[in-house]
Every structure is written in structure tokens, then in C-alpha cells.
Amino acid sequence: MQLILARQLASSLAMPIVIVDAAGTLIYWNEPAELLIGLRFEESGEIPASEWRAQFAVSDVDRQLIPQDEWPLVIALTRHQPVSRTIWLGMPNGNWRHIEWTSVPFIAQGGEFLGVQSVFWEA
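To keep things clear, this report deals only with the structure shown in the data block. Fair warning: this is a prediction, and the values are worked out from it, not measured in the lab.

Comments concerning the sheet that holds strand β1 (residues 17-21)
At step 1: Taken in spatial order, the six strands line up as β2-β1-β6-β5-β4-β3 in an open sheet, and their pairing is antiparallel. What marks the edges here is a single partner per strand, and that holds for β2 (26-29) and β3 (57-59). Sheet twist, expressed as the average angle between the axes of neighbouring strands with direction ignored, equals 35°.
At step 2: When β1 meets strand β6 (residues 113-122), the two strands line up antiparallel, connected through five bridges. Within β6, the position partnered with Val18 by the bridge is Ser118.
At step 3: Those strands touched by helix α5 (residues 72-79) are β1, β4 (83-90), β5 (96-107) and β6, and its axis lies near 15° from that of β5.

Here it is as C-alpha cells:
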């Protein structure tokens, strides 16, 4: 239920937002995030972690590749802690975007880990 509410909120916002569940499956991204992902959510639906991780390159501000376990979304997913970082994002179409990436874990009132929301904006 909580992820449904998060999805409804994300769908009404102008900033790119992606939501993954506790298993790391990309379960939703809003229309502004479609430019980063290169796909419309309505056309592709959910994407398993193994697939979305393989489609992107993430570099630090010096253009050095960042290992996947140091990506903000992966840190929030595995350590259940919020993280923000300035990165260069290599998109599926070959373009690079300089962006701020903030990922926040969703933790229910009872302490249950539900997933992660990531928000992106131009650096």
C-alpha cells in the first residue's frame, strides 16, 4: 500500500523519480524520469535489478566509473540509509547527463523495509 502511495505522489511531481521495491526491481518511474531511463513506464513495465543496472554507466565528477555498489540507489537499497551524490549518468542512448542523485529508503512504521525512491535533478 505504501509504495502505491509513493507512486501516486511521484506521478504528480515535475522532477525525475524512480521507485524500486525491496528486491531492487524498478517498479515505477514518472514521466520526467523517462528521459533518463529511455523508456516509457507504460510501454515496458517493471524492470528487474539485473536489467536496469546493466543499462547505465555512472561516473563521479572526475568521470571515473563508480562501482554499482556505490550508486546512491544501491546504497539505500542495501544499507537502508539515505544518500546523495553528484554524478555523470551515461544513459541508454549514449548521452551523458551531469546530475544530482538522491536516494531515500522507504521504511514502514513497523520497521519493514519497502524499497527506495530516487530523485534526480540537473547539477
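There's plenty left to go through after this.
Examining empty space enclosed by the protein
At step 1: Taken as a whole, this structure holds one cavity of 30 Å³ or more when the rule is applied.
At step 2: Along the wall of the largest cavity there are 13 residues; nearest its centre are Val18, Trp52, Phe56, Trp101 and Phe120.

Things to note about the pattern of salt bridges
At step 1: Scanning the entire structure with this criterion turns up four salt bridges.
At step 2: Glu43 is the salt-bridge partner of Arg40, the closest N and O atoms lying 3.6 Å from each other.
At step 3: We classify Glu43 as exposed; its relative accessible area is 63%.
At step 4: Residue Arg97 is joined to Glu122 by a salt bridge in which the shortest nitrogen-to-oxygen separation is 2.2 Å. You can see Arg97 sitting in strand β5 and its partner Glu122 sitting in strand β6, a full 25 residues away along the chain.
At step 5: Classification of Arg97 by relative accessible area gives partly exposed; the value is 25%.

Focus: the environment of Arg63
At step 1: Note on placement: Arg63 falls in the loop between β3 and α5.
At step 2: Assessed through its relative accessible area of 44%, Arg63 is described here as partly exposed.
At step 3: Arg63 sits 17 residues away from Glu46 along the chain, and the two C-alpha atoms are 29 Å apart.
At step 4: Among residues more than four places away in sequence, those in contact with Arg63 are Trp88 and Trp96.

Focus: helix α1 (residues 2-11)
At step 1: Residues Leu3, Ala6 and Ala10 constitute the buried set of α1. For α1, the angular spread of buried residues about the axis comes to 55°, placing them on one side.
At step 2: The secondary structure elements touched by the buried residues of α1 are β1, β2, β5 and β6.

Things to note about the environment of Leu9
At step 1: Structurally, Leu9 is set in helix α1.
At step 2: Owing to a relative accessible area of 48%, Leu9 belongs among the partly exposed residues under this scheme.
At step 3: In this structure, the C-alpha to C-alpha distance between Leu9 and Asn30, residues 21 residues apart in sequence, is 9.6 Å.

About the thresholds
Residues numbered from 1 in each chain as written. Predicted model: local features only at pLDDT ≥ 70, side-chain atom pairs only at ≥ 80, totals over all residues. Heavy atoms only, no water. Pairing = 2+ DSSP bridges. Helix = DSSP H or I, 4+ residues; strand = E, 2+ residues; numbered from the N terminus. Axes fitted to C-alpha atoms, helices over the stretch in contact; angles between N-to-C directions. Contact = heavy atoms within 4.5 Å. 1 Å grid on protein atoms, 1.4 Å probe; cavity = no way out; pocket = protein on both sides within 12 Å on 5 of 7 lines; lining within 4 Å. Points joined across faces, edges and corners; volume = space filled by probe spheres on them. Salt bridge = Lys/Arg side-chain N within 4 Å of Asp/Glu carboxyl O. Buried < 20%, exposed > 50% of the residue type's maximum accessible area, 1.4 Å probe, protein only. Arc of directions from axis to C-beta.

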